[in-house]
Amino acid sequence: MAARSNAPAVAARVVLYVVLCTAAALILLPFAWMVISSLKTNNQVFTAPVQWVPDPVRWANYLDIWARSDMATWLKNTAFLAVTVTFLQVLTGSFAAYGFAKMRFPGRDVLFLVYIGTIAVPWQSYFIPQFQMISGWGLNNTFWAIILLQAFGAFGVFLMKQYYESIPDSLCEAARIDGLSEYGIWWRIMVPLSVPAIASLTLITFVNTWNDYLGPLIYLRDRELWTIQIGLKSFIGQYNAEYALIMTGSVLSVLPIAIIFLLGQRYFVEGIATTGVKG
Amino acid sequence: MTTTVVDHPAGPLGRPGAAPRSTQPWHRRPGDRLKVRNALIGWTFILPNFLGFAVITLVPVLTLFYISLTNSNIFGTATFTGLENYVKLASDKSFHTALLNTFYYAAAHIPLTIVVSLSLALLLNRKIRGAAFFRTVAFFPYITSIVAIAVVWNMLFSPEFGPINQFLGLFTDGELPGWTVDKDWAMPAVIIVGTWRDMGYYMLLFLAGLQTVPAELHEAARVDGASAWQRLWNITLPCLRPTMFFVTVMITIASFKVFDLILVMTDGGPGQATLVLSQFIYNKGFVQFQFGYASAAAVVLFFICILVTVVQFLYNKRKEA
Amino acid sequence: MNRKIMTAVGTAAAVTLALTACSGGAAGDAATEEPAGPVTISMAGWDLAAVPEFQTLADAYHAANPDVTVELKEYPAGNDYDTALTADLAAGTAPDVFIVKNLKNYITFQAGGTLLDISDVAAELDPATGGLEAMAIDGATYAVPYRQDSWVLYYNKDLFAQAGVAEPDGSWTWEDYDKAAVALSAAFKAAGSTATGTYQHGWQSVVQGFALAQSDGASLDSGDYSYLEPFYEQAIALQDGGAQPTYATVTTNKLTYQAQFGTQQSAMLPMGSWYIATLVKQQASGEANAFEWGIAPIPQLESSTAGVDNTPVTFGDPTTMGINSAIDEAKVAAAKDFLAFAAGPEGAAALAAIGITPALIDDTVTETIFRLEGVPTDDLSKFAYTTHETLPENPVGEKTAAIQTILGETHTAIMSGSVPVADGIAEAEERVANEVG
C-alpha cells in the first residue's frame, strides 16, 4: 500500500479524496439538518423553502432538554440495556456459532434454517403472542423483557457462523491434536481470530438496542424505565410536536454511538484475522 | 442474485466454507460413541442461545402460524377457519399490490445496496488517511434518527422547493419527477433512501469479512502481475464468500420486510404506490384488527423469504463444492 | 423429516396457547375488596407530563369522593397508545378504566369483549353530551364521551384587514370561503408576501370529514363515495390556484398547521377546537406571532345550514372512556361513578378550566373557556364554539376502519395528482366492494 510518489498516483489520490469528501458531505446532510433544527424554535423547523441558517440561534434547547425531560434517566436506561444485550448477544451468539460452524451433528442444518427462518417473520406480526407470554411471567414493564427479547436473536449466530466458516478447519484440527478441548478451541483460537466479526456484531447490536423503539414501547410503561427513543417520541403530543427538542435529543442520542463507532472501527484492520494463520 | 462469480474456487488456504466430510477427524475414526459425544458437545455450544431463542422467538412465531388459520381479532376467542384467510388473500387486490411493490423494492434495493456497500468497504479497507472518519460517516445514516432521515429526504425531494429538482432543472426544461408525491417516482425515491441508509450497515459487515482475506495472497498475485480487477475477482470475492452469503441473505430478508423507512417516508402513498407487505400486515393487524388475516399475510412473507434464502443457500453450497 | 417438524410445531403451539390462556386469567384472581372501604381504580392515559386532562379528572373526582383514588397508568402518545393498549388488553394486563382514543377501534374493543356494558351510566348522562348517541351498539353503550372537539374556521383578523377582504360573518358556504381565500392570496401576492389565503392540512379528514358530515345522504357504509367529488374538486382548485400550499409541499416539507397559522403564513385555517388552547399558549410564549384572530363556524355546503340563526354542521370524533371487562367486580360501582362524573357537568367544568373542550358544552363551560386569557371574545367566536351539529368522522360500524384505510389511500392519490378526482373515487368504490364486501 505504500504510495509511490509519481504524478498519476497523486492525482488518483486527490480524486479519491474529493470523491470521499463530497460523498461525506452528502451523507451527513440529514445530520446537519438535525443539528440546525435543534437550534431553532418549533415553528421554524418545518418551512417551505428550507431555512438553513437558524435565526436566532437557540442554544437554549440544549439546556431545556435536560430541565424539561428525564434525558439523563433515558440515557442511563438505554446504556444499561444496550450494554447488557450486546454482551449476552455476542457471548451466546458466538458460542452457538461455533457449534453450527465447526461441529457436526444430526439436525444441525435444519436447526440453522429455523434460526434464519424466524428472521424472516416481521416482528409486528407476532409480538402480541410474545407479549402475552412474557406478561404471563410477570416480566412486562421490566428491563428483563427487553433483555430477553434482544439478547438471543438469530442474527448474531448467523453472523458469527459465517465468519467462523472462513477460518480454516486445519487450525481446529491442529489444536485438537494438541489436546485442546472444543471449548478451548473456541476460546483460545476462534474468539481471538474473529475480532473483526465480534466488533461488527457488537456495534450493530449496540446500535439496534440503542435505537429500538417498538420493543420498549410495547413493554416499558413506567417513566423511570423509558429509553431514549420512547422519551424522544413523547415530545410528539396528540396535536402538537416539539420538533426542535426532538432534534436536540436526537443529536444527543447519536453522539454516544458515533463515538463508540469511531473507537470500534479500528478493529477492522487488515491482518488481524490472518496473523493466527501464519503462526 | 449473489454477485460472486468465481473462476478458481479453491484458494491456497483450502476451501473457505465447510469442508467435505472426509477431512473431518471424527469421520475417519469409527465408533458411534464419538458421534454421540460430538453431538452432545455441539449442543452445549448451541443450547445457551437456543433456549432463549426457542422460548422468546420460536414459540410465538409458531403460534403465529396457528393464528393464521383462525379469524382472531387479537382479543377474545378465535374460531378455526382453516385456509380461509389464505383463500381471501389470493383475491385481495391490496395484497397483490403490496406483493408487487415489495418485489419491486427488493429487486432494486438488493443489488444496489450490495454493490454500493461492497464498493465502500473495498474503498475504506485501505490504509488511507482519515479512513476512520469516512467509515464513521458512512455508518451515520444507519444511526441517525429515522424521523430526521424521512424529513430531510422528503425536503430534498420536494417537487417545488427541493434541491434535487432545482439541480435537475439546470439540465432539462421538461417535466421534473414528483418523487415521493408521484405514483411512479415514489418507489424509486424510497429505494434511493433505503440504499443510502443501509449502505454503511452492510459496509460494516463486508469490512469484517475483508479482514479474512490473507494479505500475502494479494502480494503473491501482485508479483505475478495480476491487475487490481483480477485480484478482486480471483482472490477477494472468493475469500469473501461466507460474508457475501450472509449479507445477501440478510439484505434479501430485510428488503422483503422493509417497513419503518417506508412508513415515515411515504406512509405507503401516494395511493398505494409504495404499500409493501409489512405495512399491509400492520394495517390489517393493528388498524383493522383482522389479526388472523394479517398473520396469514405474514406467513406468506415468511415463505417467500425462506424460498429465496434456500435458493441462495443451495447456490452457495454448489459454488463451494 | 416433515412430519418431525410438524409435530414440533404442534407441541410448541400448544404450549404457547396454554401459556397465554394462563396469563389471560390472572386478572380475575384478585381478592374481592370491601365495597365500603377505600377503592383504587387504575386508568390508562397517555403522555401524562404534557396532557393534563387525565390527572385533572382524577383529582377532581378524588376531591368529590375521597374514598376513591384514580391511579393513572401511563401510555405512549399518538397511535402508539392504541398499539400498547391493545397488547395490554390482549395479555390481560390493562387497567380498570381506559380511554377509547380512536372511535374507529371502539367496535373492535367491544366485539373483542374487552369493554363492560355501561348503558346505565349512559342513561344518566345529559342527552346533549356530544357524540353520546352514536356510541350505542345494538342498543347498549360501552363507552361514554368526555371530550369532543369540533372543527371550526380560524381566521387572522389582521391579515384580513391588511388585504381588505371581508371577515367571515357566520353565513359562509364553501363558495364564499373559496372566494375569500383567492382574494386574500391575490392581495398578499400584490403586496410582495408569500402568505396564502388559507391552509388546509394534508389529513384525510380535512376533506372527507366535512364531505361526510355535510352532504345529504352521505354514508361510509353505502359504498357510494360520489359525495366526496365536489369537496375534492374544491381542494384541488384551491391548491392549483395558489390559494393554499400544494399537498406536495405540505407533505414533503412536513408543514405544520401551527406554524402556518401561528406565524401568519396563512390567513385562514379549518381545524379542530383543540387548537384554541395551543394558539393561546404559543402566542403567550412567543412561538406564535402576536395578532388578532377569531373563530367562525366552518363553511357549509348548503346555505340552509349557514348563518347565525341556524345550526352549522361540522365533524369531530368524541374521545370516550370505557371500563375494562376484566375489572375486579368490587370496583365496578366506583368505576361507573367515575365515568358518570367525567362525562357529566362536573368533569366538563374541570376540563374547561384547563382549556379543553368537553363533550358536554353548557354555560359554565363556555364562560370558563372564554374567560381564559388570550381567547377571542367576539360574538361570532362564541357562536362558533357553542353552536354546531357535530357528526362523527368515523361512525361506529364494523367496516369503518377498513373503509377509512381505503379512503385514506384515495386521499393521497387524488391530492398528489396521481389520479383525477372522479377516477380516484371510482377506484375507491370498487375497492371497498372488493375488499370490504
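The rules we used
- Residues numbered from 1 in each chain as written.
- Chains lettered and ligands numbered in written order.
- Predicted model: local features only at pLDDT ≥ 70, side-chain atom pairs only at ≥ 80, totals over all residues.
- UniProt positions renumbered as here; feature names shortened; annotations may be inferred.
- Helix = DSSP H or I, 4+ residues; strand = E, 2+ residues; numbered from the N terminus.
- Rg over C-alpha atoms; globule rule 2.2 N^0.38 Å.
- Buried ≥ 20, exposed ≤ 12 C-beta atoms within 10 Å, placed from the backbone.
- Contact = placed C-beta atoms within 7 Å.
- Nonpolar A, V, L, I, M, F, W, Y, C, P; charged D, E, K, R; others polar.
- Domains from an automatic or database assignment.
- Core = buried A, V, L, I, M, F, W, Y, C linked by C-beta atoms within 7 Å.
- Pairing = 2+ DSSP bridges.
- Axes fitted to C-alpha atoms, helices over the stretch in contact; angles between N-to-C directions.
- Right-handed = clockwise from strand over helix to strand, strands pointing away.
- Expected span 1.5 Å × (residues − 1).
- Parallel < 35°, antiparallel > 145°, perpendicular 65-115°, else oblique.
- Left-handed = near helix turned anticlockwise from the far one by under 90°.

In the nomenclature of an unreviewed UniProt entry, chain C is known as Extracellular solute-binding protein of Antribacter soli.

If you look chain B up in an unreviewed UniProt entry, it shows as Sugar ABC transporter permease from Antribacter soli. The record in UniProt for chain B states the following under Subcellular location (unreviewed entry): "Cell membrane". As stated in UniProt under Sequence similarities (unreviewed entry), the record for chain B gives "Belongs to the binding-protein-dependent transport system permease family."

Student: Give a detailed account of the overall build of chain C, specifying residues and quantitative values.
Tutor: Counting its secondary structure elements, chain C contains 18 helices and 13 strands. The globule rule puts the C-alpha radius of gyration for 437 residues at 22 Å, and the 24 Å found for chain C is close to it. Overall, chain C is about 75 × 65 × 40 Å in size when its C-alpha atoms are taken along their principal axes. A buried classification covers 53% of the 437 residues belonging to chain C.

Student: Hey, could you go over the overall build of chain B for me, with residue numbers and the actual values?
Tutor: Within chain B, the regular secondary structure consists of 14 helices and zero strands. Reading chain B from its N end, one meets helices and strands in the order α-α-α-α-α-α-α-α-α-α-α-α-α-α. Counting only C-alpha atoms, chain B reaches 60 × 60 × 30 Å along its principal axes. Per-residue burial over chain B gives 52% buried out of 321 residues. Long-range contacts, defined here as pairs at least 24 residues apart, represent 72% of the contacts in chain B between residues at least 6 apart.

Student: Talk me through the interface of chain B and chain A; I want residue IDs and the actual numbers.
Tutor: In many analyses, interface size is given as the accessible surface area lost on bringing the parts together. If you look at the interface, chain B gives 79 residues, while chain A gives 81 residues. Ranked by residue count, the leading element in the side of chain B that touches chain A is helix H2 (residues 32–67) of chain B, at 19 residues. Here the side of chain B that touches chain A is built from residues that sort into 54 nonpolar, 21 polar and four charged.

Student: Now, about the domain arrangement of chain C: what can you tell me, with residues and values included?
Tutor: Residues and elements named next belong to chain C. Splitting chain C by domain gives domain 1 (32–149 + 317–361) and domain 2 (151–314 + 387–436). Between domain 1 and domain 2, the C-alpha centre-to-centre distance is 30 Å. With 15 residues of domain 1 at the contact, the number on the domain 2 side is 16 residues. The element best represented in the side of domain 1 that touches domain 2 is helix H4 (residues 103–111), accounting for four residues. In terms of residue class, the side of domain 1 that touches domain 2 is built from seven nonpolar, five polar and three charged.

Student: Hey, could you go over the nonpolar core for me, with residue numbers and the actual values?
Tutor: In this structure, Val190, Leu204 and Ala297 of chain B together with Val144, Tyr154, Phe338 and Leu339 of chain C are the most contacted members of the largest nonpolar core, which totals 313 residues. At 16 residues, helix H8 (residues 186–210) of chain B tops the list of elements feeding residues into this core. What Val190 of chain B contacts, discounting residues up to four positions off in sequence, is Tyr105, Leu261, Ile262, Met265, Thr266 and Thr274 of chain B.

Student: Lay out the UniProt feature "transmembrane region" (unreviewed entry) in chain B in plain terms, naming residues and giving numbers.
Tutor: All names here are of chain B. Sequence positions flagged by UniProt for "transmembrane region" (unreviewed entry) are, in local numbering, residues 39–67, 103–124, 136–156, 185–208, 244–265 and 291–315. Structurally, residues 39–67 is divided into 100% helix and 0% strand, and its ends, taken at the C-alpha atoms, are 34 Å apart. Across residues 291–315, helical content stands at 100% and strand content at 0%; the span's end C-alpha atoms are separated by 36 Å.

Student: Describe the sheet that holds strand S10 (residues 293–296) of chain C, listing the residues and the values that go with them.
Tutor: All names here are of chain C. Ordered in space as S8-S9-S7-S10, the four strands form an open sheet in which the pairing is mixed. Edge positions in the sheet fall to strand S8 (196–198) and S10, since each has one partner strand and no second. Looking at each pair of strands side by side, their axes are set apart by 25° on average, direction ignored. Pairing of strand S7 (residues 151–156) with S10 involves four bridges; the strand directions are antiparallel. Along S10, the bridge assignment pairs Asn156 with Trp293. With respect to the sheet, helix H16 (residues 379–386) is in contact with S7 and S10, its orientation differing from that of S10 by roughly 45°.

Student: Kindly report on the interface of chain C and chain A, identifying the contributing residues and their values.
Tutor: Residue-level contacts link 34 residues of chain C with 26 residues of chain A. Among the elements of the structure, helix H1 (2–25), strand S2 (68–75), helix H3 (80–91) and helix H11 (257–262) of chain C are those that each provide at least two residues to the side of chain C that touches chain A. Taken together, the residues of the side of chain C that touches chain A sort by class into 16 nonpolar, twelve polar and six charged.

Student: Just give me the short version of the pairing of S2 of chain C, but keep the residues and values in it.
Tutor: All names here are of chain C. Taken together, the eight bridges between strand S1 (residues 39–46) and S2 define a ladder with parallel strand orientation. What sits directly across from Met43, in S2, is Leu72. Read as a crossover between parallel neighbours, the route from S1 over helix H2 (residues 53–64) to S2 is right-handed.

Student: Residues and numbers for the environment of Leu277 of chain B, please.
Tutor: Along the chain, Leu277 of chain B turns up in helix H13 (residues 277–287). When neighbours within four sequence positions are excluded, Leu277 of chain B is seen to be in contact with Ala98, Leu99, Thr102, Phe256, Ala297 and Leu301 of chain B.

Student: Give me the lowdown on helix H6 (residues 146–157) of chain B, citing residues and values where you can.
Tutor: Residue and element names in this part refer to chain B. With twelve residues, H6 ought to run about 16 Å at 1.5 Å a step, and its terminal C-alpha atoms sit 16 Å apart, in line with that. Where burial is concerned, most of H6 is hidden: eleven out of the twelve residues are buried. Looking at H6, one finds that the buried residues are Val147, Ala148, Ile149, Ala150, Val151, Val152, Trp153, Asn154, Met155, Leu156 and Phe157.

Student: Describe the pairing of S7 of chain C, naming the residues involved and giving the relevant values.
Tutor: Burial runs high along S7 of chain C: six of the six residues are buried. A two-sided burial pattern is seen for S7 of chain C, the buried positions comprising Trp151, Leu153 and Tyr155 of chain C on one face and Val152, Tyr154 and Asn156 of chain C on the other.

Student: Describe the packing of helix H3 (residues 60–68) of chain A against helix H14 (residues 243–264) of chain A, and please don't skip the residues or the numbers.
Tutor: All names here are of chain A. At a minimum axis distance of 9 Å, the contact between H3 and H14 shows a crossing angle of 85°. Regarding the angle of H3 to H14, the classification is roughly perpendicular. Here Asn61, Tyr62, Asp64 and Ile65 of H3 lie close against H14, whose contacting residues are Ala244, Leu245, Thr248 and Gly249. In terms of residue class, the contact of H3 with H14 is made up of four nonpolar, three polar and one charged.

Student: Outline the packing of helix H6 (residues 127–136) of chain A against H2 of chain B, listing residues and values.
Tutor: Where H6 of chain A contacts H2 of chain B, the axes come no closer than 8 Å and their chain directions differ by 125°. Relative to H2 of chain B, H6 of chain A is oriented oblique. For H6 of chain A against H2 of chain B, the interelement crossing comes out right-handed. On the side of H6 of chain A, the interface is formed by Pro129, Gln130 and Met133 of chain A, while H2 of chain B contributes Ile56, Val59, Pro60, Thr63 and Leu64 of chain B.

Student: Lay out the UniProt feature "domain: ABC transmembrane type-1" (unreviewed entry) in chain B with the relevant residues and their values.
Tutor: In the numbering used here, UniProt assigns the feature "domain: ABC transmembrane type-1" (unreviewed entry) to residues 99–312 of chain B. Counting secondary structure, residues 99–312 of chain B comes out at 74% helix and 0% strand; the distance between its end C-alpha atoms is 20 Å.

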